[in-house]
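# Structure at a glance
What follows is the residue order along each chain.
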Amino acid sequence: MSPVEGTQLGFGLVSHYRGPDPDLLVAEARHAEQLGYDLFALSDHLHSDRATWEPWTALCFLAAATDRITLATDVLGLPYRAPAVLAKMAESLDRLSGGRLVLGLGNGGYEAEFAAFGLSTRTPGEKVAALDEAVQIIRALWRQPRTTFRGRHFSVQDARIEPRPAHPVPVWLGTYGPRALAVTGRLADGWLPSLQRLSLTEAVALRDRVRAAARAAGRDPDSLTCACNVQIRLGGPAAGGRVVAGSSQQVAEQLAAVVRAGFTFPLLFGLDHAEDRERFAAEVAPLVRAEFARA
C-alpha cells in the first residue's frame, strides 16, 4: 500500500518559495526525492504581496524533473478553477507524472484573493455546498463516459473527458467546519488540516467527525488518509504551542505523538534549507518510523 493510502506512514515536504528561479524549485524537489520524502507539495495563493508559483504549472514542470516522489497541491482554492476543468487538468498531470498526483482541494479561506481576481466569493455555508458539488463533478467525470450535474454553484451538461484516469486519483480536502468535515468523510480520500490552526486535541476531535461521516456513508474510515500540515523548527529550544521545535529527538517525540493520534502523513513546513531537510531525513524520520512500527 502506498503511503498516500489509508494508514501507511509517509512524510511530505511543502515547498517554500525562495525566488523566481526554476532551478531552485527543481533542486528542492529532487533533493526531497533523493532523501526519501514521500510527497512534495505546493500551496495556492495567486494574489499575494510576495512572489509565488502557480502550483499546477509548477507541478507539471516538476513531474518531468522527478521520478518517484508524489506531487500534491496543499491545497487548491476552489474559486480559482472550474471543477470540470480541474478534473481534466488532474487527469493529465496524473498521467504525465506516472500516477503521482494527490489533488488537495479546499473551499478557499482568503476572500480577498478571490475578490481581487474577480472570482466568486461565498458565505461559509455556500463554500461547503460548492465544495460538495465540485468533488461530485470531478469524481463523476473521472468515472463516467458522460456526466450531467445541476447544482446551485456548478453545473455540467453531458460533459466528458477522454482519457479518463487510469486509476483513482486521491482527493484530500482541507476542511474544518462540521458540514465540511461531513463532506470529507463522505466523498474524499484524505483529510488535510493544518496543526498551525488547531491543537492536537482539537484535531483529534475533528478527525473523529470525519471518520464518523465516512462510516455513516458506508465507507471504511481506515481507507481515508489523515494527513496534516505541521510547522517544523529544528534546533534551539522546544517552543511548545503549535510549532514542532527543538532537538531532533524532541521533534521526533512530538511528531510521534501526532502520528499516534492518527495523523499518519505529516506535511512539513519550515525545512527550507538543504541541511534541515537532510537532518530531518537522517535523524527525525527514522525515530518516528520506528515508533510507528512499534505502535
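Residues numbered from 1 in each chain as written. Predicted model: local features only at pLDDT ≥ 70, side-chain atom pairs only at ≥ 80, totals over all residues. Heavy atoms only, no water.

## Notes on helix H5 (residues 124–143)
Taking 1.5 Å as the rise per residue, H5 with 20 residues should run 28 Å; its terminal C-alpha atoms sit 29 Å apart, in good agreement. With 14 of 20 residues buried, H5 lies mostly within the body of the structure. (Helix = DSSP H or I, 4+ residues; strand = E, 2+ residues; numbered from the N terminus. Expected span 1.5 Å × (residues − 1). Buried < 20%, exposed > 50% of the residue type's maximum accessible area, 1.4 Å probe, protein only.)

## What to know about the environment of Thr225
Along the chain, Thr225 turns up in strand E10 (residues 225–234). Note: C-alpha distance between Thr225 and Leu9 (216 residues apart in sequence) is 9.5 Å. What Thr225 contacts, discounting residues up to four positions off in sequence, is Val4, Glu5, Gly6, Trp172, Asp189, Gly190, Trp191 and Phe265. (Contact = heavy atoms within 4.5 Å.)

## Quick word on the pairing of strand E3 (residues 70–73)
The alternating pattern of E3 places Thr70 and Ala72 on one face and Leu71 and Thr73 on the opposite face, and all of these are buried. One ladder, built from two bridges, connects E3 with strand E5 (residues 101–106); its direction is parallel. By the bridge assignment for E5, Ala72 is matched with Val102. (Pairing = 2+ DSSP bridges.)

## Some details on the pattern of salt bridges
As enumerated under the stated definition, the model contains 16 salt bridges in all. For Arg186, the salt bridge identified is with Asp132, shortest N-O distance 2.5 Å. Taken together, the positions of Arg186 in helix H6 (residues 178–187) and Asp132 in helix H5 put the pair 54 residues apart, joining distant regions of the chain. Owing to a relative accessible area of 36%, Arg186 belongs among the partly exposed residues under this scheme. Close ionic contact of Arg279 with Glu283 constitutes a salt bridge, the shortest N to O distance being 3.3 Å. Of the two residues, Arg279 and Glu283 both sit in helix H9 (residues 274–294), four residues apart, roughly one turn of that helix. Taken together, the salt bridges that share partners define one network made up of Asp44, Glu54 and Arg81. (Salt bridge = Lys/Arg side-chain N within 4 Å of Asp/Glu carboxyl O.)

## Some points on the environment of Glu113
Residue placement: Glu113 occurs in helix H4 (residues 111–116). Sequence separation between Glu113 and Phe292 is 179 residues; the distance between their C-alpha atoms is 39 Å. When residues no more than four places from it in sequence are discounted, the contact partners of Glu113 are Asp44, His45, His47 and Tyr80.

## A short note on the packing of aromatic side chains
One pass over the full model with this rule turns up six aromatic pairs. Between Tyr80 and Phe117, the ring centres sit 5.7 Å apart and the planes meet at 65°, which makes this aromatic pair edge-to-face. Of this pair, Tyr80 sits in the loop between strand E4 (76–77) and helix H3 (83–96) while Phe117 sits in the loop between H4 and H5; the two residues are 37 residues apart in sequence, bridging distant segments of the chain. Take Tyr80: its relative accessible area is 13%, and that puts it in the buried class. For Phe117, a relative accessible area of 43% corresponds to the partly exposed category. (Phe/Tyr/Trp six-rings, centres within 6.5 Å; stacked < 30°, edge-to-face > 60°.)

## Some details on helix H1 (residues 22–35)
Because an α-helix packs 3.6 residues into every turn, residues spaced three or four apart end up facing the same way. For H1, which comprises 14 residues, the first-to-last C-alpha distance of 20 Å matches the rise-based estimate of 20 Å (1.5 Å per residue) to within 8%. The N-capping residue of H1, defined by a side-chain oxygen 2.9 Å from the backbone nitrogen of Asp23, is Asp21. (Polar contact = N/O pair within 3.5 Å; in protein donor to acceptor, adjacent residues only side chain to side chain.)

## Structural notes on the pairing of strand E12 (residues 265–269)
Along E12, four of the five residues are buried, which leaves the element largely enclosed by surrounding structure. Pairing analysis gives two bridges linking strand E1 (residues 12–14) to E12, with the strands arranged parallel. Bridge pairing in E12 places Gly12 opposite Leu267. The pairing of E10 with E12 spans five bridges and is parallel. Across the sheet, the residue bridging to Asn229 is Leu267, located in E12.

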